[in-house]
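Residues per chain are reported as follows:
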Amino acid sequence: MAFRAAEYERYKGERTNRPAWVPIAFGTVQRGWKSKWVRRLSMLSLALGFGLVAMMYMVNQVMPSWREIAEQATNRATQGSGLKVDAGFYLILTNVFVRPILLPLALLFGYDLIASDMRTNALEAYFARPVTPLGYLTGRTLAFVSFLMLATFGPFFLVWFADIATSPSEAHTDLIRFVPISLFFALLFISFTLALMVQAVTSLTRSAIWSNLIFVVIFLFLSAMGMVLFQITDRPNMMAFSFLSDAKVICATLLGIDLADGGSPTNVSPAIAFSMMVGISIISFLIILRGLKRRSLV
Amino acid sequence: MSPNVLELDGLVVRYGSFTALHAMDARFEGGSLGLLGPNGAGKSSMLRAILGLVTPATGSVRVLGEDTKTAGATLRRKIGYMPERDCYLGGVSCVSGLSHFAQTCGFPKDDAMLRAHDVLHFVGLGEERYREVSTFSVGMRQRYKLAAALVHDPDVLFLDEPTNGLDPQSRMRMLGLIERVSKEHGIHLILASHLLPDVERLCNQVWVIDQGKMKRTASMQELTTAARGAKRIRIAPEGATEFSRCAREEGLTVEVGRTEGELVVTHPTIIVSPESVFALARKAGCPLLLVKDAARSLEDAFLEALEAQ
């Protein structure tokens, strides 16, 4: 390495006009990736995707008509509601990726993003530079959502691609053609809401322990409460308290599936599920922005 | 003609019903400015206004010729701010954190990293650059904050109590670094400090603020030169008594100085001229060894400015 003199020098290079939120977004991804559990969960998710693809490929080599066989076999076992590889199959897959991957990943990635900056007064350093509270939030949230999308939508896309590549007929291809776009928007909406909610809670508590306790309340207690209220009142819309139930309804709606057709009475109406998510996003956004604006007063 | 570094035009800052700054008017043409004032005087509010983080109720702040109302965020690329309290990015090395901050000011990624290494070498943290700031001592954190303020190569450097918590040796080192940046590289300095010797060493302009009002704006020389044109003289010790008698006859006040044979001569209403001092020495028959403007400490000047209505 060249010798560097301990002398101050004025910068003579060109400065870019890139918005300040861009380096914040890249910094956020790097910071999240440093967490061992974030890396493990992301790898697990991608491994699941690749595993499903490999399985589909191998089964397709042995039994090209495995879709029909699987449908008939499960039809027999479940008296009519067999496994059909269509949009419904991808909705079932969301159970694999949203609950065990997306939720914990969001918590692991985001629980200390803003809270850490508040504890170390890094916000003061940001806002004394050309970073506005909105720019800061944009950078953090975009990176957060992109990461969640990569870890959840990525595997879905792989499975869908393998499904299309091994499609037995035009009819099957037509049946699942729209799936990636629908799932992309559904997961984007859920990830965005989740990212804002996690950041809002951590900006209020500024502590990892309290944040995690609040998430336990939000995801477990409120879900249980929704179920209890539904049992008491017999109104399915009470399940709107359950974030997971709302997420499922949103995925189903965008995939064009009517959950009521499946005989499941415990589902919220799509309008209420969407309203709930939008409400959470707006409230979270306002909470974060208010906190950041207060902090921007150096 | 280059614009003033800082211009306050009838600046009023209000928080609800509380007025933090009352119609401040001042100009800082460049060099180094010391902001002096007791706690709660309005220094922080002024800083917020300069950084464009609070909108003035009335009046305006112009930094390097640009209005902070309209050019707030872009203007902050040209301002380096060293806050009083610690602030750093947690969970990353010192050099990565600085590189990140430089990137937010428009530095390309590679340049930002190179620049972060350079400024850390400059402040003497070259060997510690891969450590996290949370593991640093107080002195190292102060130097880190200076490096963070300099990493994007600002044109104006705002330092809030830069020598807080430093031992005398570290303090001198920190002042030396700031002095080099200011004098050798033409970076304008705005220093808020309670340590008047620091301000006296670094600054050539002083603004004294109290209760949100500008009490005095003056050059350091004006402030530390005794009021009413006092003169500090040195004469042979044996002639001191006779000189003092002659001076009193002329209506002058004579105080004994800090060293033997040193006297401070003042008049309540007029400036004491060197010629009048020479005439007195001739009359007293004692040779003059030295005549110069009597300097006061900045502390005296500061307290006097605060007491002035």
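Up top you'll find the structure we're talking about.
Below or above, wherever it landed, is the structure these notes cover. Since this is a predicted model, take the numbers as computed values, not measurements.

Thresholds, definitions, all that
- Residues numbered from 1 in each chain as written.
- Chains lettered and ligands numbered in written order.
- Predicted model: local features only at pLDDT ≥ 70, side-chain atom pairs only at ≥ 80, totals over all residues.
- Heavy atoms only, no water.
- Axes fitted to C-alpha atoms, helices over the stretch in contact; angles between N-to-C directions.
- Helix = DSSP H or I, 4+ residues; strand = E, 2+ residues; numbered from the N terminus.
- Parallel < 35°, antiparallel > 145°, perpendicular 65-115°, else oblique.
- Left-handed = near helix turned anticlockwise from the far one by under 90°.
- Contact = heavy atoms within 4.5 Å.
- Nonpolar A, V, L, I, M, F, W, Y, C, P; charged D, E, K, R; others polar.
- Buried area = accessible area lost by both parts, 1.4 Å probe.
- Salt bridge = Lys/Arg side-chain N within 4 Å of Asp/Glu carboxyl O.
- Polar contact = N/O pair within 3.5 Å; in protein donor to acceptor, adjacent residues only side chain to side chain.
- Core = buried A, V, L, I, M, F, W, Y, C linked by side-chain atoms within 4.5 Å.
- Buried < 20%, exposed > 50% of the residue type's maximum accessible area, 1.4 Å probe, protein only.
- Patch = residues over 30% accessible without salt bridge, like charges linked within 9 Å, V, L, I, M, F, W, Y side chains within 5 Å.
- Areas by Shrake-Rupley, 256 points an atom, 1.4 Å probe, with all protein chains shown as cover.
- Pairing = 2+ DSSP bridges.
- Phe/Tyr/Trp six-rings, centres within 6.5 Å; stacked < 30°, edge-to-face > 60°.
- Lys NZ or Arg CZ within 6 Å of the ring centre and 35° of its normal.

## Let's talk about the packing of helix α4 (residues 87–110) of chain A against helix α7 (residues 133–165) of chain A
Residue and element names in this part refer to chain A. Closest axis-to-axis distance for the α4/α7 pair is 10 Å, and the angle between their directions is 155°. One element, α4, and the other, α7, form an angle in the roughly antiparallel class. Crossing angle aside, the handedness with which α4 passes α7 is right-handed. Between α4 and α7, the contacting residues are Phe89, Tyr90, Leu93, Thr94, Phe97, Ile101, Leu102, Leu105, Ala106, Phe109 and Gly110 on the first element and Phe144, Phe147, Leu148, Ala151, Thr152, Pro155, Phe156, Val159, Trp160 and Asp163 on the second. Across the contact of α4 with α7, the residue classes tally to 17 nonpolar, three polar and one charged.

## Side note on the interface of chain B and chain A
At the junction of the two partners, chain B supplies 49 residues and chain A supplies 37 residues. Between chain B and chain A, the buried area comes to about 3900 Å², and carbon and sulfur atoms account for 49% of it. Linking chain B to chain A there are four salt bridges. Remark: the boundary between chain B and chain A carries 26 residue pairs in polar contact (both at pLDDT 80 or more). Listing elements by their share of the side of chain B that touches chain A, those giving two or more residues are β6 (79–82), α3 (94–104), α4 (109–122), α5 (138–150) and α6 (168–185) of chain B. Of the residues forming the side of chain B that touches chain A, the biggest block, eight residues, is contributed by α4 of chain B.

## Digging into the nonpolar core
Ranked by internal contacts, the top residues of the largest apolar core, which has 73 residues, are Tyr126 and Tyr136 of chain A together with Leu98, Tyr144, Leu146, Leu150 and Leu157 of chain B. Ignoring sequence-local partners within four residues, the contact set of leucine 146 of chain B consists of Met82, Val123, Leu157, Leu159, Met174, Leu177 and Ile178 of chain B. Counting 63 residues, the second-largest nonpolar core is a separate cluster that includes Leu93, Leu183, Met238 and Leu255 of chain A.

## So, a nonpolar patch on the surface
A contiguous nonpolar patch, built from Ile181, Phe184, Phe185 and Leu254 of chain A and spanning about 360 Å² of accessible area, is present on the exposed surface. Mapped onto the fold, phenylalanine 185 of chain A is located in helix α9 (residues 179–205).

## Remarks on the pattern of salt bridges
Residue and element names in this part refer to chain B. Per the counting criterion, the structure on display carries 24 salt bridges over all chains. With a shortest N-O distance of 3.9 Å, arginine 27 and glutamate 7 are connected by a salt bridge. Residue arginine 27 is located in strand β2 (residues 18–28), and its partner glutamate 7 is located in strand β1 (residues 6–15); the two are separated by 20 residues in the primary sequence. In this structure arginine 27 comes out as partly exposed when scored by relative accessible area, which is 39%. Classification of glutamate 7 by relative accessible area gives buried; the value is 15%. Where aspartate 86 meets arginine 141, a salt bridge forms, and the shortest distance between an N and an O atom there is 2.9 Å. With a gap of 55 residues between them, aspartate 86 in the loop between β6 and α3 and arginine 141 in helix α5 connect regions that are remote in the sequence. Of the residues examined, aspartate 86 reaches a relative accessible area of 27% and is grouped as partly exposed. Given the relative accessible area of 17%, arginine 141 is considered buried. Residues participating in the shared-partner salt-bridge network are Glu242, Arg245, Glu249, Glu250 and Lys283.

## Points about the pairing of strand β11 (residues 231–235) of chain B
Within a regular beta strand, the side chains point alternately toward one face of the sheet and then the other, so they alternate between its two faces. All names here are of chain B. Judged by how many residues are buried, β11 sits mostly within the fold: four of five residues are covered. Bridge count for β11 against strand β13 (residues 262–266) is four bridges, and the pairing is antiparallel. Residue pairing across strands places lysine 231 opposite valine 265, the latter belonging to β13. Here β11 runs beside strand β14 (residues 288–293); their pairing, made up of five bridges, is antiparallel. Looking across to β14, one finds that arginine 232 is bridged to lysine 292.

## What to know about the packing of aromatic side chains
Applying the stated rule across the entire model yields 18 aromatic pairs over all chains. Aromatic pair tyrosine 126 of chain A and phenylalanine 101 of chain B: ring centres 5.5 Å apart, planes at 75°, arrangement edge-to-face. One end of the pair, tyrosine 126 of chain A, is in helix α6 (residues 122–127); the other, phenylalanine 101 of chain B, is in helix α3, on a second chain. The exposure class of tyrosine 126 of chain A is buried, given its relative accessible area of 1%. A residue is classified by how much of its surface remains accessible, and phenylalanine 101 of chain B, at 0% relative accessible area, is buried. By way of ring pairs, the aromatic residues Phe153, Phe157, Trp160, Phe184 and Phe185 of chain A are connected into one cluster. The ring centre of tryptophan 37 of chain A lies 4.7 Å from the NZ or CZ of arginine 40 of chain A, which sits over that ring. The ring of phenylalanine 101 of chain B has arginine 129 of chain A lying over it, and the distance from NZ or CZ to the ring centre is 4.5 Å.

## Description of the sheet that holds strand β12 (residues 253–256) of chain B
Residues and elements named next belong to chain B. Here we have four strands laid out as an open sheet, ordered β12-β13-β11-β14, and antiparallel in their pairing. Each having just a single partner strand, β12 and β14 make up the two edges of the open sheet. Across the sheet, the axes of successive neighbouring strands diverge by a mean angle of 25°, strand direction being ignored. As paired elements, β12 and β13 share four bridges and run antiparallel to each other. Residue pairing in the sheet places valine 254 in a bridge with valine 265 of β13. Against the sheet, helix α9 (residues 240–249) makes contact with β11, β12 and β13, and its axis sits at roughly 0° relative to β13, the strand it touches most.

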